[in-house]
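# Survey of secondary and tertiary structure
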Amino acid sequence: MKHYPAEFKAGAVALDRSRPGATVKSVAADLGVNTETLRNWIRAADGRGPGAHPTQPTAA
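The following refers to the structure shown. Remember, it's a predicted structure, so these values are computed and weren't measured experimentally.

### Describing the nonpolar core
- In this structure, A12, V13, V24, V27, A28, V33, L38, W41 and I42 together form the largest nonpolar core, which totals nine residues.
- Breaking this core down by element, the ones donating at least two residues are α1 (6-18), α2 (24-31) and α3 (35-45).
- In this structure V24 touches D16, T35, L38, R39 and I42, once residues within four positions along its chain are discounted.

### A few points about the environment of R17
- Within the secondary structure layout, R17 lies in helix α1.
- C-alpha separation for the pair R17 and I42, spaced 25 residues apart in sequence, amounts to 9.1 Å.
- Those residues in contact with R17, other than ones at most four positions away along the chain, are I42, A45 and D46.
- Here D46 takes part through its side chain, which lies 2.2 Å from a polar atom of the side chain of R17.

### Thoughts on the packing of α1 against α3
- Between α1 and α3, the shortest axis-to-axis distance is 9 Å and the interhelical angle comes to 90°. Looking at the two axes, α1 sits roughly perpendicular to α3. Residues F8, K9, A12, V13, D16 and R17 of α1 form the contact with α3, whose participating residues are L38, W41, I42 and A45.
- Split by residue class, the contact of α1 with α3 holds seven nonpolar, no polar and three charged.

The rules behind these values
Residues numbered from 1 in each chain as written. Predicted model: local features only at pLDDT ≥ 70, side-chain atom pairs only at ≥ 80, totals over all residues. Heavy atoms only, no water. Core = buried A, V, L, I, M, F, W, Y, C linked by side-chain atoms within 4.5 Å. Buried < 20%, exposed > 50% of the residue type's maximum accessible area, 1.4 Å probe, protein only. Helix = DSSP H or I, 4+ residues; strand = E, 2+ residues; numbered from the N terminus. Contact = heavy atoms within 4.5 Å. Polar contact = N/O pair within 3.5 Å; in protein donor to acceptor, adjacent residues only side chain to side chain. Axes fitted to C-alpha atoms, helices over the stretch in contact; angles between N-to-C directions. Parallel < 35°, antiparallel > 145°, perpendicular 65-115°, else oblique. Nonpolar A, V, L, I, M, F, W, Y, C, P; charged D, E, K, R; others polar.

Keep in mind these values describe shape, not function.
Structure representation (structure tokens):
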């Protein structure tokens with residue numbers, strides 16, 4: 001399994017977000033990474049990755 005630097009992951013997520021018409025698959029191919037790897041990085045950046053604990057609204 002490859003290990004990518006945090007800067008590379010952040011740049012990949014930023015590139016995906018800067019190309020709204022592009023698919024995750026096409027961005028991953030441009031970067032030479034697996035599609036699911038990029039999807040996981042995007043989920044993690046959004047707080048939806050494995051081990052993420054999204055905040056839930058509190059009852060008032």
